[in-house]
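Chains, contacts and geometry: an overview
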Amino acid sequence: MVKEYNPYLEYVKDELFLEGVSLRELAEKYGTPLYVYSASYIRDRLREYRESFPGALICYAVKANFNPHIVSLMAGEGAGADIVSGGELYVALMAGVNPSRIVYAGVGKTVKELVEAIKADILMFNVESRMELEILNQLGEQLGKKVRISIRVNPHVDPKTHPYIATGMKKSKFGIDIDRAEEEYRYALSMKNIQVVGVHCHIGSQILDTSPYVEAVSKVVDLYRSLEDQGIELQYLDIGGGLGIKYKPEDRALTPMELSSALSPILQKVKATVVLEPGRSLVGNAGVLITQVQFVKDKGEKHFVIVDAGMNDLIRPAIYDAYHHILPVVKRGRPSIVTDVVGPICETGDFLAKDRQLEEVGRGDYLAVLSAGAYGFAMSSHYNVRPRACEVLVDRGYVRVIREREDYQYILSKSS
Ligand SMILES: *Cc1c(COP(=O)(O)O)cnc(C)c1O
């Protein structure tokens, strides 16, 4: 069962190992909360994408996990980067991503960020409004550069995911309505310092079914062909990210191959370089969050396991009501109980699991929170003046600290 999350995750004599390394030993050595990622898992997922979409450009969505060592691992395997901020551009360049493989989306890019990316000569801006187009044209003029762009179109598709991570519906702030896209393309073509190179869409995240993709990509391919029919030369068809992963034991993740099979009849209608922007599906199940039980508390009605990882370390349960599977790092064969697993933070929303069936645990025991590699550390904060967790990468038995645990001085270092 554990291997369905990550083939490198396994119990050896009742103790949980990731890529040949004991998670108990890591927790004892580096302390908790501790993020541990499997490098081989990430390489395997990237290869799966490459084999499923031959000739496509795979741009890792840096926001899922911005640790430069993770981004550098991706770059080493030939991946590009999908960025949404100047900070992510900085990380991508620092990690060795070739700028000719960087795409930049986001509804609120600042002038500073736009200038940084123009100077870096990235592959393209995925433009989300007419005003952004105008500013890019002006900046291109000032910097003496022609700016490559795609327009992010909003295809009005319901990805059937959590509303907070649906981005391609009519009421969403993202992209330009697909019915108005041709007009915007013509406007872009009239601009001296803009070079139109493609079409972009990204409909949402944690998508477990091919149908929203089929619907969206069909619409985007129609637009692409219509633009080409009007003599507009395009090269890139960027279909975004969003492939879902297994969180619940009953979830079945969509594979890149299944997505490719569903999309290939549609993609064949255009001669374009396909761009993909996977985030979660590359790193989500590469990572686990190890936390230690501090206290156990029985209030009659309810049982609580209080651990040292809080919503500042992993906020997904609090903001998306997300499910993360939790396992004991060492199985003790005790009877199972129904419990909430909660953090130490002064918020009722500070929980990792609710009414969860779990083997009874005691003070000092370690728990592994699965599927924590994406939007885990990346969304962490200092709330309650809690230093952020340590991050460790395991690679075929080798262990490397890729980010040290913070301390109080670090948190306050800009508040002198
Ligand atoms: C967040 C995001 C992605 C990645 O989404 P995942 O669900 O992590 O694959 C890709 N493209 C854009 C534009 C995004 O905002």
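Predicted, not measured: the structure shown is a model, and the values here were computed from it. (Residues numbered from 1 in each chain as written. Predicted model: local features only at pLDDT ≥ 70, side-chain atom pairs only at ≥ 80, totals over all residues. Heavy atoms only, no water.)

What about the overall build of the protein?
Rule in force here: Helix and strand definitions follow DSSP, with helices as H or I runs of at least four residues and strands as E runs of at least two, each counted in order from the N terminus. The size measure is the radius of gyration over C-alpha atoms, and the globule rule it meets is 2.2 Å times the number of residues to the 0.38 power. Any two residues having at least one pair of non-hydrogen atoms within 4.5 Å are treated as being in contact. A 1.4 Å probe and the Shrake-Rupley method give the accessible areas. Residues count as covered only by the protein chains that appear here. The charge count includes Lys and Arg as positive and Asp and Glu as negative, but it does not include His or the ends of the chains. Every charge is mapped onto a representative atom, which is NZ of Lys, CZ of Arg, CG of Asp or CD of Glu.
If you tally the helices and strands in the protein, you get 12 helices and 21 strands. Against the 2.2 N^0.38 benchmark of 22 Å for 416 residues, the protein shows a C-alpha radius of gyration of 22 Å, consistent with a compact globule. Seen through its C-alpha atoms, the protein measures out along the principal axes to roughly 70 × 55 × 40 Å. For the protein, long-range pairs separated by at least 24 residues make up 69% of all intrachain contacts whose partners lie at least 6 apart in sequence. Put simply, the protein shows about 17800 Å² of open surface, and 50% of that area lies on carbon and sulfur atoms. Between the centroid of the 50 positive side chains of the protein and the centroid of its 54 negative side chains there is a distance of 2 Å.

Focus on the side chain of Asn 67
The condition that has to hold: For this analysis, a polar contact is any N or O atom pair within 3.5 Å, provided that within protein one partner can donate a hydrogen and the other can accept it, and provided that sequence-adjacent residues contribute only side-chain to side-chain pairs.
Here Asn 67 lies in the loop between strand 5 (57-61) and helix 3 (68-76). In terms of polar contacts, Asn 67 uses its side chain to reach the backbone carbonyl oxygen of Ile 402, at 3.2 Å. Sequence-distant contacts of Asn 67, that is, excluding residues within four places in its chain, are made with Glu 391, Ile 402 and Arg 403.

What to know about the sheet that holds strand 3 (residues 21-22)
Which entries qualify depends on this criterion: Strand pairing is assigned whenever DSSP detects at least two bridges linking the two strands.
Strand order in the open sheet formed by three strands is 1-2-3, and the pairing between neighbours is antiparallel. Of all strands in the sheet, those bounded by a partner on one side alone are strand 1 (9-12) and strand 3. Bridge count between strand 2 (residues 15-18) and strand 3: two bridges; the pairing is antiparallel. The residue bridging Phe 17 from the neighbouring strand is Ser 22, located in strand 3.

A short note on the UniProt feature "domain: Orn/DAP/Arg decarboxylase 2 N-terminal" (unreviewed entry) in the protein
Quick note on the threshold: UniProt positions are given in the numbering used here, feature names are shortened, and annotations may be inferred rather than shown by experiment.
Feature annotation in UniProt assigns "domain: Orn/DAP/Arg decarboxylase 2 N-terminal" (unreviewed entry) to the following positions: residues 42-283. Between the C-alpha atoms that bound residues 42-283 there is a distance of 6 Å. The span itself is 40% helix and 17% strand.

Some remarks on the packing of helix 7 (residues 181-189) against helix 8 (residues 211-229)
Spelled out, the test is: Lines fitted to C-alpha atoms define the axes here, with helix axes fitted over just the stretch in contact, and angles between the N-to-C directions of these axes take values from 0 to 180 degrees. In these notes the angle categories are as follows: under 35 degrees is roughly parallel, over 145 is roughly antiparallel, 65 to 115 is roughly perpendicular, and the rest is oblique. The hand of a helix crossing depends on one turn: near helix anticlockwise from the far one by less than a right angle means left-handed, and clockwise means right-handed. We call Asp, Glu, Lys and Arg charged. Ala, Val, Leu, Ile, Met, Phe, Trp, Tyr, Cys and Pro are nonpolar, and the rest, Gly among them, are polar.
As a packed pair, helix 7 and helix 8 sit with axes 11 Å apart at the nearest point and diverge in direction by 45 degrees. Put simply, helix 7 runs oblique to helix 8. The way helix 7 lies across helix 8 gives a crossing that is right-handed. Contacts from Ala 181, Glu 182 and Tyr 185 of helix 7 reach helix 8 at Leu 223, Ser 226 and Leu 227. By residue class, the composition of the contact of helix 7 with helix 8 is four nonpolar, one polar and one charged.

Here we look at the packing of aromatic side chains
Just so we agree on the cut-off: Each Phe, Tyr or Trp ring (for Trp, its six-membered ring) is paired with any other whose centre lies within 6.5 Å, and the angle between the two planes then decides the class: stacked below 30 degrees, edge-to-face above 60, tilted in between. Lysine and arginine charges are scored as sitting over a ring when NZ or CZ, respectively, is within 6 Å of the ring centre and within 35 degrees of the ring normal.
Here the structure, examined in full by the defined rule, presents four aromatic pairs. Here the aromatic cluster, defined as three or more aromatic residues joined through ring pairs, consists of Tyr 35, Tyr 37, Phe 66 and Phe 377. The ring of Tyr 187 has Arg 130 lying over it, and the distance from NZ or CZ to the ring centre is 3.9 Å. Cation over ring: Arg 356 sits above Tyr 323, and NZ or CZ is 3.8 Å from the ring centre.

Some thoughts on the side chain of Ser 52
In this fold, Ser 52 is placed in helix 2 (residues 39-52). Ignoring sequence-local partners within four residues, the contact set of Ser 52 consists of Pro 256, Met 257 and Ser 260.

Examining the nonpolar core
The condition is simple: Nine residue types can take part in a nonpolar core, namely buried Ala, Val, Leu, Ile, Met, Phe, Trp, Tyr and Cys, and a core is a set of them joined through side-chain atoms within 4.5 Å. Burial status follows relative accessibility: with a 1.4 Å probe on protein chains alone, a residue under 20% of its type maximum counts as buried, one over 50% as exposed, and anything between as partly exposed. The split into domains, and so the bounds of each, comes from an automatic or database assignment of domains.
Formed by 100 residues in total, the largest nonpolar core has its most connected members in Phe 125, Ile 149 and Val 199. Examining the composition of this core, we find that eight residues originate from one element, helix 8, more than from any other. The two domains that each donate at least three residues to this core are domain 1 (2-37 + 284-411) and domain 2 (105-278). Contact partners of Phe 125, with chain neighbours within four places excluded, come to Tyr 104, Lys 109, Leu 114, Ala 117, Ile 118, Leu 136, Val 147, Arg 148, Ile 149 and Ser 150. Formed by 21 residues, the second largest nonpolar core is a distinct cluster that contains Leu 16, Val 21, Leu 327 and Tyr 366.

Quick word on the site of the ligand
Under the convention used in this document: Nearness of a residue to a molecule or strand requires only that one of the residue's heavy atoms be within 4 Å of it. Points on a 1 Å grid over protein atoms alone make up a cavity when a 1.4 Å probe fits among them but cannot get out, and a pocket when they form an open set with protein on both sides within 12 Å along at least five of seven lines; lining residues each have an atom within 4 Å of a point. For a cavity or pocket, the test is whether more than half of a molecule's atoms lie within 2 Å of its grid points; if they do, the molecule sits there.
In the neighbourhood of the ligand, 14 residues make up the surrounding shell, with Lys 63, Ser 205, Glu 277, Arg 280 and Tyr 375 lying closest. Contact distances for the ligand include 2.8 Å between an oxygen atom and a backbone N or O atom of Arg 280. Protein chains shield 95% of the accessible area of the ligand, which is 390 Å² for the free molecule. According to the grid-proximity analysis, the pocket containing the ligand is the largest pocket. Class assignment of the residues belonging to the shell around the ligand gives a composition of four nonpolar, five polar and five charged.

Digging into the layout of surface pockets
So the rule is basically this: Grid points are joined across faces, edges and corners, and a volume is the space filled by probe spheres set on the points.
Roughly 580 Å³ of volume is contained in the largest pocket. In this structure, the largest pocket is lined by 29 residues; those nearest its centre are Lys 63, Thr 167, Phe 174, His 202 and Tyr 375. Considering only residue class, the lining of the largest pocket consists of 13 nonpolar, 10 polar and six charged. The residue makeup of the lining of the largest pocket includes at least three contributed by each of domain 1 (2-37 + 284-411) and domain 2 (105-278).

Describing empty space enclosed by the protein
One pass over the full model with this rule turns up three cavities of 30 Å³ or more. The computed volume of the largest cavity comes to approximately 70 Å³. Looking at the largest cavity, the residues that line it are Ile 118, Asp 121, Ile 122, Leu 123, Met 124, Phe 125, Lys 145, Lys 146, Val 147 and Arg 148. Sorting the residues of the lining of the largest cavity by element identifies strand 8 (124-127) and strand 9 (147-154) as the ones contributing at least two each.

Describing the environment of Pro 212
Within the secondary structure, Pro 212 is located in helix 8. According to the relative accessible area criterion, Pro 212 is buried, its value standing at 0%. A C-alpha to C-alpha distance of 18 Å links Pro 212 and Tyr 224, two positions 12 residues apart in sequence. Ignoring sequence-local partners within four residues, the contact set of Pro 212 consists of Val 157, Asp 158, Pro 159, Lys 160, Ile 203 and Ile 207.

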